[in-house]
Amino acid sequence: MPMKYYIVTYGCQMNVHESEKIAAICEKMGYTLADKREDADLIVFNTCAIREGAEERVFGNVGALKKMKKQKPSHIIAVCGCSTQKESTAQYIYRTFPFVDIVIGTFNIPNFEHYINAVKSGRQLEIFKEGDIDETVPYKRTSGENAWVNIMQGCNNFCTYCIVPYVRGREKSRQEENILNEIRAVVAEGKYKKITLLGQNVNSYGKDLTPAVPFSKLLKDICAIEGDFKIWFMTSHPKDLTDDVIEVIANEDKILKDIHLPAQSGNNRILNLMNRRYTREKYLSIIDKIREKMPNARITSDFIVGFPTETEEEFQDTMSLVDKVKFDSIFAFMYSPREGTVASKMDGQVPEEVKNRRVNELLALEKKIQQQEGKR
Ligand code: 5AD
Ligand code: SF4
């Protein structure tokens, strides 16, 4: 009987895609996919650190495996990803859950096979601080007709609320030729209709390469690959969504007219405190540009309510921005302090009940707009 693996993935598409790398490593080692975690010999938790809720769910679900491990001590349990990339959380999981065999961070994932082999001689805890883009391990694609293609890792923006730059390191772009080759291979397989380019901040793609490669050039070169496929990408940052990129999206049939452009707030003082480096007016002018070139573009966004010191009036600026733009869909989050970030140390943290009311108010407005506009 072949050994079986099961992966539990939390968080964003980047993690979903990284789990495809873990899956490929497991299968290379001879494991096959289990239908459910109880049937697996190897269980992997690929964690997320973006908000406190995501981390607490991980602790709960990892803790729940204690009984299973007692019944079958040969089980291997591994915890990896953004949460355990933080030294303090990695130590906490290692100490609190003695039945967890492997605790590693995001940069250790390409070496996953090493940790599985090493576990025979004892529990493994290792967190690399930084890592280069891995081009050696393939992916086992698991998302139907959609193929995820990573174009860069990390983020240099340091939005003051965000843990990502601390757990994913500085921006590093893949060589354009490697991306194009991967997409050529994906297209040649013939079963993928959509290719989704992934990066924390896709608009800064290629700035770190020599010579630099503008994101708009990468998009054009991908569109030049022959085949019947559509291209989507996320996530865009308003400060970097330049005219040349908007132009390419508008002009290329292969690119979906579907733009996820997180605004986070509609108030300039809060945007400044968030270190977003654009204003409400600049954001609105980008939306105007997109709509002028592509009147039917689908535009979606993310918002954070209850950022430290956000007043009721400032929150109403977010409401009015949402009312003005009439997004096709939004995600609204209550601000969650992340240890180590600048905002978590700011005075004026907003009480939970206020955040809760604001998020409900924003979502109610969004629902009303959807009904009026006849959008989804
Ligand atoms: N608290 C709440 N929401 C956050 N996001 C990122 N960091 C935090 C945080 N500390 C949200 C942002 C981002 C989305 C992926 O998650 O809106 O765009
Ligand atoms: Fe976080 Fe800002 Fe980077 Fe997005 S751009 S990952 S919100 S720091």
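On a predicted model such as this, the values are computed, not experimentally measured, just so you know.

J.: Mind showing me how you'd approach the sheet that holds strand 13 (residues 298-305) here?
T.: Sheet strands associate in pairs through backbone hydrogen bonding, adopting either a parallel or an antiparallel arrangement. Taken in spatial order, the 3 strands of this open sheet run 12-13-14, and their pairing is parallel. Two strands close off the open sheet at either side, each with one partner strand: strand 12 (258-260) and strand 14 (329-334). Between one strand and the next, the sheet's axes are offset by a mean angle of 10°, whatever the strand orientation. Here strand 12 runs beside strand 13; their pairing, made up of 3 bridges, is parallel. In the sheet register, His-260 faces strand 13, and the bridge partner there is Thr-300. Running over the sheet, helix 14 (residues 352-373) touches strand 13 and strand 14 and is turned about 175° from strand 14.

J.: Mind showing me how you'd approach the site of ligand 1 here?
T.: With respect to spatial proximity, the complete set of residues near ligand 1 consists of Ile-50, Arg-51, Tyr-161, Gln-264, Asp-302, Ile-304, Phe-333, Met-334, Tyr-335, Ser-336 and Arg-338. Tyr-161 is positioned with one of its backbone polar atoms (N or O) 3.0 Å from a nitrogen atom of ligand 1. A distance of 2.7 Å separates an oxygen atom of ligand 1 from a polar atom in the side chain of Asp-302. For the shell around ligand 1, the secondary-structure elements that each account for two or more residues are strand 13 and strand 14. Its residues assigned to classes, the shell around ligand 1 comprises 6 nonpolar, 2 polar and 3 charged.

J.: Would you mind showing me how to read the state of the cysteines here?
T.: Note: disulfide means a covalent bond formed between the sulfur atoms of two cysteine side chains. Under the criterion given, the structure shown has 0 disulfides. Here Cys-82 stays unpaired: no disulfide links it, and the sulfur of Cys-48, its closest cysteine neighbor, is 6.4 Å away. Residue Cys-82 is classed as buried on the basis of its relative accessible area of 11%.

J.: I'm lost on the nonpolar core in this one. Help?
T.: Nonpolar side chains in soluble globular proteins tend to end up buried together. Ranked by size, the top nonpolar core spans 58 residues in total, and within it Leu-197, Phe-215 and Ile-290 carry the most contacts. Val-8, Leu-65, Met-68 and Val-103 belong to the second largest nonpolar core, which has 21 residues in total.

J.: What am I meant to see in the packing of aromatic side chains here?
T.: Here the distance between the centres and the angle between the planes together describe a pair of aromatic rings. According to the stated counting rule, one finds 10 aromatic pairs in the structure shown. Between Tyr-10 and Phe-45, the ring centres sit 6.4 Å apart and the planes meet at 20°, which makes this aromatic pair stacked. Here the residue Tyr-10 occupies a position in the loop between strand 1 (4-9) and helix 1 (13-28), and Phe-45 occupies one in strand 3 (residues 42-47), the gap between them amounting to 35 residues. Neither Tyr-10 nor Phe-45 differs from the other in exposure class; each is buried. Seen in terms of ring centroids, Tyr-278 and Tyr-283 are 6.2 Å apart; in terms of plane orientation they differ by 35°. Their pairing is tilted. As far as burial versus exposure is concerned, Tyr-278 and Tyr-283 are alike and both buried. Among the aromatic residues, those joined into a ring-pair cluster are Tyr-278, Tyr-283, Phe-303 and Phe-327. Directly above the aromatic system of Phe-333 lies the positively charged group of Arg-51, at a separation of 3.7 Å from the ring centroid. Its end group placed over the ring of Tyr-94, Arg-123 keeps NZ or CZ at 3.9 Å from the ring centre.

J.: Could you clarify how one ought to interpret the site of ligand 2 in this entry?
T.: Around ligand 2, the surrounding shell consists of Cys-155, Asn-157, Phe-158, Cys-159, Tyr-161, Cys-162, Val-164, Pro-165, Gln-200, His-237 and Arg-276. Of the residues contributing to the shell around ligand 2, the split by class is 7 nonpolar, 3 polar and 1 charged.

J.: Explain the pattern of salt bridges here, please?
T.: For side chains bearing opposite charge, pairing can occur when the charged atoms are close. Going through the model one piece at a time under the given rule, you end up with 31 salt bridges. Taking the shortest distance from any N to any O, the salt bridge between Glu-55 and Lys-86 comes out at 3.0 Å. Here the residue Glu-55 occupies a position in helix 2 (residues 52-63), and Lys-86 occupies one in the loop between helix 4 (82-85) and helix 5 (87-96), the gap between them amounting to 31 residues. Look at Glu-55 and you get buried, because its relative accessible area is 7%. We note a salt bridge from Arg-338 to Glu-55, for which the minimum N-O separation is 3.3 Å. With Arg-338 in the loop between strand 14 and helix 14 and Glu-55 in helix 2, this residue pair connects regions lying 283 residues apart in the sequence. Summarising the burial analysis for this pair, Arg-338 and Glu-55 share the class buried.

J.: Explain the packing of helix 13 (residues 312-325) against helix 14 here, please?
T.: To characterise two packed helices, one gives the angle between the axes of the helices and the distance between these axes. Running from amino to carboxyl end, helix 13 crosses helix 14 at an angle of 20°, the nearest separation of the two axes being 10 Å. Overall, the two elements helix 13 and helix 14 adopt an arrangement that is roughly parallel. Of the two possible hands of crossing, helix 13 and helix 14 adopt the one that is right-handed. From helix 13, Glu-312, Phe-315, Gln-316, Thr-318, Met-319, Val-322 and Asp-323 reach across to helix 14, where they touch Arg-357, Arg-358, Glu-361, Leu-362, Leu-365, Glu-366 and Ile-369. Here the contact of helix 13 with helix 14 is built from residues that sort into 6 nonpolar, 2 polar and 6 charged.

J.: Can you walk me through the sheet that holds strand 4 (residues 76-81) in this structure?
T.: With parallel pairing, the 6 strands of this open sheet are ordered in space as 2-1-3-4-5-6. Each edge of the sheet is formed by a strand with only one pairing partner; in this case those strands are strand 2 (32-33) and strand 6 (124-126). Sheet topology places strand 1 next to strand 2; 2 bridges connect them, and they run parallel. Counterpart to Tyr-5 in the pairing with strand 2 is Leu-33. Packed onto the sheet, helix 1 meets strand 1, strand 2, strand 3 and strand 4 and runs at close to 170° relative to strand 1. Each of strand 4, strand 5 (102-104) and strand 6 is contacted by helix 5, which is oriented at about 170° to strand 6, the strand it contacts most.

Rules of the game
Residues numbered from 1 in each chain as written. Chains lettered and ligands numbered in written order. Predicted model: local features only at pLDDT ≥ 70, side-chain atom pairs only at ≥ 80, totals over all residues. Heavy atoms only, no water. Pairing = 2+ DSSP bridges. Helix = DSSP H or I, 4+ residues; strand = E, 2+ residues; numbered from the N terminus. Axes fitted to C-alpha atoms, helices over the stretch in contact; angles between N-to-C directions. Contact = heavy atoms within 4.5 Å. Near = heavy atom within 4 Å. Polar contact = N/O pair within 3.5 Å; in protein donor to acceptor, adjacent residues only side chain to side chain. Nonpolar A, V, L, I, M, F, W, Y, C, P; charged D, E, K, R; others polar. Disulfide = S-S within 2.5 Å. Buried < 20%, exposed > 50% of the residue type's maximum accessible area, 1.4 Å probe, protein only. Core = buried A, V, L, I, M, F, W, Y, C linked by side-chain atoms within 4.5 Å. Phe/Tyr/Trp six-rings, centres within 6.5 Å; stacked < 30°, edge-to-face > 60°. Lys NZ or Arg CZ within 6 Å of the ring centre and 35° of its normal. Salt bridge = Lys/Arg side-chain N within 4 Å of Asp/Glu carboxyl O. Parallel < 35°, antiparallel > 145°, perpendicular 65-115°, else oblique. Left-handed = near helix turned anticlockwise from the far one by under 90°.

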